Amino acid sequence: MSVRDSLPAHDSDTALVLSVVAVVLGLAIAFTPVTATIPGDLYVFFEVGILFVVYGILVLGLDLQYGHTGLVNFGHVVFFAAGAYTMAMLSAVDSFEGIALGYPWPLGVVAAVLVAGLLGAFVGATSLRLRGDFLAIATLATAEIFHTLFINFTDVFGGTTGIFGIPTPLGDVAGTRDATLVATLLVFGGLTALTFAIVARLTEAPYGRVLRAIRADELVTRAVGKSTFRYKMESFVYGAALAGFAGAIFAMYNGAISPDFFELQVTVTIWIGMLLGGASNHRAVLGGLGIIMGLRLFSRFAQGSAPVTAGEFASIRLIVVGLILILVIRYRPAGIWGDERELEVDS
Amino acid sequence: MGLAQNLIFGLVTGSYIAIAAIGFTLIYGIVNMINFAYGEYLTIGAFIGLLSAGALPLPLPVSVVVAMVGGGIASILLAKLFFTPINHTGPIPMLLTSIGLGLVLRNAIRLVAGRSARYYDTETTTWQFRNVPDLSVGPVDLLGGFFVTSQQLIVVGCALGVFLVLHTVLTRTDVGIAMRAMSDDEALARVRGIDTQLIRNSVWVLAGMLAGLSGVLLGIQTNVSVTTGFSQILQILSAAILGGAGSPYGAIAGAYIIGVALALSTAFLPSSMTGISSAIAFAILVVVLLVKPSGIAGAEVREA
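Thresholds applied
- Sequence order as written defines the numbering, with residues in each chain counted from 1.
- Chain letters start at A and ligand numbers start at 1, both assigned in the order the entries are written.
- Side-chain atom pairs in this predicted model are given and counted only at pLDDT of 80 or more, local residue features only at pLDDT of at least 70, and totals for whole chains, interfaces and linings cover all residues.
- Side-chain descriptors were evaluated using all non-hydrogen atoms of the structure, hydrogens and water having been removed beforehand.
- Under the scheme used here, helices are H or I runs from DSSP no shorter than 4 residues and strands are E runs no shorter than 2 residues, and both carry numbers assigned from the N terminus.
- Every helix has an expected span of 1.5 Å times one less than the residues it contains.
- We define the bend at each residue as the angle formed by axes fitted to the 7 residues ending at it and the 7 residues starting at it.
- Any residue under 20% of the maximum accessible area for its type is buried, any over 50% is exposed, and the rest in between are partly exposed; the area is computed with a 1.4 Å probe on protein chains only.
- Working convention: axes come from line fits to C-alpha atoms, limited for helices to the stretch in contact. Angles between N-to-C directions cover 0 to 180 degrees.
- Orientation labels follow simple angle bins: below 35 degrees gives roughly parallel, above 145 gives roughly antiparallel, 65 to 115 gives roughly perpendicular, and whatever is left gives oblique.
- It only takes one pair of heavy atoms within 4.5 Å for two residues to be counted as in contact.
- Lys, Arg, Asp and Glu make up the charged group, whereas Ala, Val, Leu, Ile, Met, Phe, Trp, Tyr, Cys and Pro make up the nonpolar group; the residues left over, Gly among them, are polar.
- Counted as positive: Lys and Arg. Counted as negative: Asp and Glu, with His and the chain ends omitted from the count.
- Salt bridges are defined as contacts in which a side-chain nitrogen from Lys or Arg sits within 4 Å of a carboxyl oxygen from Asp or Glu.
- Each cavity reported here is a set of points on a 1 Å grid over the protein atoms alone in which a 1.4 Å probe fits but cannot get out, each pocket an open set with protein on both sides within 12 Å along at least five of seven lines, and each lining residue one with an atom within 4 Å of a point.
- Grid points are joined across faces, edges and corners, and a volume is the space filled by probe spheres set on the points.
- Note: crossing handedness is left-handed where the near helix turns anticlockwise from the far helix by less than a right angle, and right-handed where it turns clockwise.

A. Structural context of helix α2 (residues 43-68) of chain A. Residue and element names in this part refer to chain A. Helix length check: α2, at 26 residues, gives a terminal C-alpha distance of 36 Å against a target of 38 Å (1.5 Å per residue), a fit within 8%. Most pronounced at L62, the bend in α2 amounts to some 30 degrees. Burial analysis of α2 places 22 of its 26 residues in the buried class, the great majority of the element. Residue G70 follows α2 closely and has a positive phi angle near 80 degrees.

Written out as structure tokens, the structure is:
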């Protein structure tokens, strides 16, 4: 009997164990006077790493919608933003602009999940009957409408400046900047693992089989007596609520939010990560997102030695990102680790 | 400013949206894809026109033609490189590819042209038409109530010209009739001996030319920058879907509805809220998708 045999058999159980370990470790670093020191060069690893685990929650939710149920949500960022803005408006103190009510942060987190879920229910109820590409356009337009509202309703959303003074509980207890980064990465990573565990449990169950059946052939699924609209709706709302949760913790890490954090770019990054890794496979979508975020990390290092300005470099990076999206769809439509038969793609 | 003045703005906005929306909706109808990169085709056209009118410099009417030809060539090349190879994979991969292509084009243009806005020098590119009163002197006082600039007249005039030519092409020429046949039922069209690939290519060229024209007109009205076309894509999309995706005549109607709605929204919204007028087009889009997803005159877009 090796060590391997004593590990949990299911991905979901492994993730649950990992989640508890990471959160406990992270909280331990935050609450004890253990000081972590990060060498200056490695800061960027932690910053990108934290963004990776936050986006990880987004991609797991999106994969529940697209990879499993076949719903083409191209406005995923709006649910992320809804969570972050709800968190900010409820719990921020002394913001320069916008609503800042100063309630305790746990209330903000719960409200963020609820508001994002409700928004998901609203968008879902109105557009889930649309054909795939029109659903994509409707969700994308919804995200753009909200982006415009965030920018223009300064009294409510803080306009282009955004909302400041959001509580950063982990940062407050950890004290130093280095300890905060380590603790945040561990705790957020644990939350992503927890999300993985929940989503994997859901899709390993017969419930997940119904979702995949809808993706494969909705008519047949309806013919065997499943209320496909209800399943689609649930899948959409779960994904939206997860994105809202990601938005809430992102706001609590950053301490401030602005419309810049919630542009189309976020949706594109998440989508590329999912497609690159292989939709409908939880580990694969995280792997794909890791590759895209790794590119971001690598490019930050490369920028120093590149003979171009920062603006030009940003353009080049986005060109590469766009090309990756195009090439993946053309040459590996099921993604790097995806199952072509599962996705029924024609490559 | 009176209501009439706003209606003029609406007609002008509707005109360049309509030209682009026709191209967009033809691609949808024939190639069966939502081309999200289409806004970038407008930007390409606007820059080609600007280079031609500013750097060479050719007279503006000639530059318009240059931009249309450039837009057509760019469109067919991009289609051959990116879209034709994955034609068989269905609408979602095509849509995602177009989003990737839009990202690539937008940033490539930014890399070459920079961020700053450029202007068509309407002084030096005075309209060279003979026998036409010089309209470039400034606003023309019409009926004593509102003003129309020469640029606005040109935009609306070009749009009317496009509609006339389009109608003739679609009803009188073999290619146009084949396009309509393919839009209705591609399999049937192929059985009847229509060279579907040839028609697809013609649509790409035609849509690129319309994008080029729309881009230049938009550039003359406002300015030319890397986001010129991208800022229009959701309005073009809204117009095409409002009119019923795939229907050119619907797209024209949709474009003017969107244009007038945008202009009226700026009239009725308080000045601090004018920024949200761009959200109005998207709101119309969402409402149309919900209430009547097939649009004014289009195909079914619901699955069930």
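More follows now that the structure is in view.
B. Structural view of the packing of helix α6 (residues 174-184) of chain B against helix α8 (residues 196-221) of chain B. Residue and element names in this part refer to chain B. Interhelical geometry of α6 versus α8 gives an angle of 105 degrees and a closest axis separation of 10 Å. By the angle between their axes, α6 is roughly perpendicular relative to α8. Contacts between α6 and α8 involve V175, A178, M179 and M182 from the former and T196, I199, R200, S202, V203 and L206 from the latter. In terms of residue class, the contact of α6 with α8 is made up of seven nonpolar, two polar and one charged.

C. Broad picture of the side chain of R110(B). With respect to the helices and strands, R110(B) occurs in helix α4 (residues 91-113). Buried within the structure, R110(B) lacks any salt-bridge partner; its nearest side chain of opposite charge belongs to E40(B), at an N-O separation of 8.4 Å. The residues contacting R110(B), other than those within four sequence positions of it, are S315(A), R115(B), V226(B) and T227(B).

D. Structural detail: empty space enclosed by the protein. Here the structure, examined in full by the defined rule, presents one cavity of 30 Å³ or more. Taken as a whole, the largest cavity spans an internal volume of roughly 40 Å³. Lining the largest cavity are L264(A), V268(A), F36(B), I99(B), G102(B), L103(B), R106(B) and F230(B). When contributions to the lining of the largest cavity are tallied by element, the ones reaching two or more residues are α12 (264-277) of chain A together with α4 of chain B. With four residues, the single largest contributor to the lining of the largest cavity is α4(B). Residue composition of the lining of the largest cavity, by class: six nonpolar, one polar and one charged.

E. Expanded view of the packing of helix α13 (residues 282-305) of chain A against helix α14 (residues 310-331) of chain A. Residue and element names in this part refer to chain A. Between α13 and α14, whose axes approach to 11 Å, the crossing angle comes to 155 degrees. By the criterion of interaxial angle, the relationship of α13 to α14 is roughly antiparallel. The two elements α13 and α14 meet at a crossing, and its hand is right-handed. In contact with I292, L295, R296, S299, A302 and Q303 of α13, α14 contributes A310, F313, R317, V320, V321 and I324. Residue classes in the contact of α13 with α14 are distributed as eight nonpolar, two polar and two charged.

F. Expanded view of the side chain of R296(A). All names here are of chain A. Checked against the element boundaries, R296 lands in helix α13. Summary of buried charges: R296 has no salt-bridge partner, and the nearest side chain of opposite charge, E47, is 10.0 Å away. Once residues within four sequence positions are removed from consideration, R296 is found in contact with L51, T269 and R317.

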